[in-house]
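# Chains, contacts and geometry: an overview
One-letter residues, chain by chain:
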Amino acid sequence: MDPKETLHHYLRAQRAALLSKLEGLSEYDVRRPLTPTGTNLLGVVKHVASIQLGYLGDCFDRPSGIPLPWFEDESREPDGDLWATADETRASILDLYRRSAEHADATITALDLDMTGEVAWWSADRRHPSLHTVLVHLLVDVARHTGQADILREGLDGAVGFVPGSSNLPDRDAAGWLAYRSIIEAAAREAGGIDPA
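Residues numbered from 1 in each chain as written. Predicted model: local features only at pLDDT ≥ 70, side-chain atom pairs only at ≥ 80, totals over all residues. Heavy atoms only, no water.

The N-to-C vectors of helix H1 (residues 3-20) and helix H3 (residues 41-55) enclose an angle of 155 degrees; their axes lie 10 Å apart at closest approach. When the axes of H1 and H3 are compared, the pair comes out roughly antiparallel. Once H1 is placed against H3, the crossing between them reads as left-handed. Facing Leu11, Arg15, Leu18 and Leu19 of H1, the residues of H3 in contact are Val44, Val45, Val48 and Gln52. Each residue belonging to the contact of H1 with H3 can be placed in one class, and the counts come to 6 nonpolar, 1 polar and 1 charged. (Axes fitted to C-alpha atoms, helices over the stretch in contact; angles between N-to-C directions. Helix = DSSP H or I, 4+ residues; strand = E, 2+ residues; numbered from the N terminus. Parallel < 35°, antiparallel > 145°, perpendicular 65-115°, else oblique. Left-handed = near helix turned anticlockwise from the far one by under 90°. Contact = heavy atoms within 4.5 Å. Nonpolar A, V, L, I, M, F, W, Y, C, P; charged D, E, K, R; others polar.)

Here the focus is the environment of Asp112. Mapped onto the elements of the fold, Asp112 is located in the loop between helix H5 (90-110) and helix H6 (131-157). Assessed through its relative accessible area of 54%, Asp112 is described here as exposed. Considering only alpha carbons, one finds Asp112 and Cys59, 53 residues apart in sequence, at a separation of 14 Å. (Buried < 20%, exposed > 50% of the residue type's maximum accessible area, 1.4 Å probe, protein only.)

With 18 residues, helix H7 (residues 174-191) extends 26 Å from end C-alpha to end C-alpha; this agrees with the ideal 26 Å at 1.5 Å per step. Among the residues of H7, the N-terminal cap falls to Asp173, whose side-chain oxygen and the backbone nitrogen of Ala175 are separated by 3.2 Å. Directly after H7, the chain includes Gly193, whose backbone phi takes a positive value near 70 degrees. (Expected span 1.5 Å × (residues − 1). Polar contact = N/O pair within 3.5 Å; in protein donor to acceptor, adjacent residues only side chain to side chain.)

Moving on, we get to the pattern of salt bridges. Any two side chains of opposite charge can pair if their charged atoms end up close together. Tallying each qualifying case throughout the model produces 12 salt bridges. With its nearest N and O atoms 3.9 Å apart, the salt bridge here joins Arg99 to Asp95. Residue Arg99 and its partner Asp95 are both found in helix H5; the two are separated by 4 residues, about one turn of the helix. Residue classification places Arg99 among the partly exposed positions, given a relative accessible area of 32%. Here Glu102 makes a salt bridge to Arg98, at a shortest N to O gap of 2.9 Å. Note that Glu102 and Arg98 are positioned in helix H5 at a spacing of 4 residues, about one turn of the helix. Given a relative accessible area of 45%, Glu102 falls into the partly exposed group. Look at the salt bridges and you will find they share partners, linking Asp95, Arg98, Arg99 and Glu102 into a network. (Salt bridge = Lys/Arg side-chain N within 4 Å of Asp/Glu carboxyl O.)

Moving on to the nonpolar core. Within the largest apolar cluster, 40 residues are counted, with the highest numbers of intra-cluster contacts made by Tyr55, Leu56 and Leu135. Mapped by element, the contributors of at least two residues to this core are H1, H3, H5 and H6. Excluding anything up to four places from it in sequence, Tyr55 contacts Phe60, Val119, Trp121, Trp122, Val134, His137 and Leu138. (Core = buried A, V, L, I, M, F, W, Y, C linked by side-chain atoms within 4.5 Å.)

Turning our attention to unusual backbone geometry. Within the chain, Asp61 stands out as a residue other than glycine whose phi angle is a positive 55 degrees. Among the structural elements, Asp61 can be located in the loop between H3 and helix H4 (69-72). Among the residues examined, Asp61 registers a relative accessible area of 67% and is labelled exposed.

Read these as spatial facts, not as claims about activity.
Here's what the structure looks like:
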């Protein structure tokens, strides 16, 4: 695989893994805040869709024409790309995610890795990166958000692994995971100078 196709392959894999974290969950569970800062699964998907359109659209003078009112309407709640309002449907956010991926993919296909763009929110010395740099940055960002979604989903219902059917984890039953966790807890207590429970 050439470098561009390698980066694109891993970006597509991370996108798919992120979407899989919503499968089988209720409207409430995909939307509810699961951390003190409000992180939620559908919001992570909405955020990734939004940043793809910025980095692989606007930054390379390839606007998508897809409206992102949470960035354009100053009267909206701040950080509107990180959560879904009650009137935003899951289907509309998944459609946005699909459309943003298609637009990003078209940019990746159309441009050479050495093509430069402009990332207005980056510092002046970094403001004109190559497509290669932006792809690496975006891939890292999407992978980071997919990791967040992994942990959120495990906390919701215990579902783990890369995507359904490809867990990438050892095959353990609940008792096996509990025993494994106990080993880790004991090591942490010992290292921290805490008496065993």
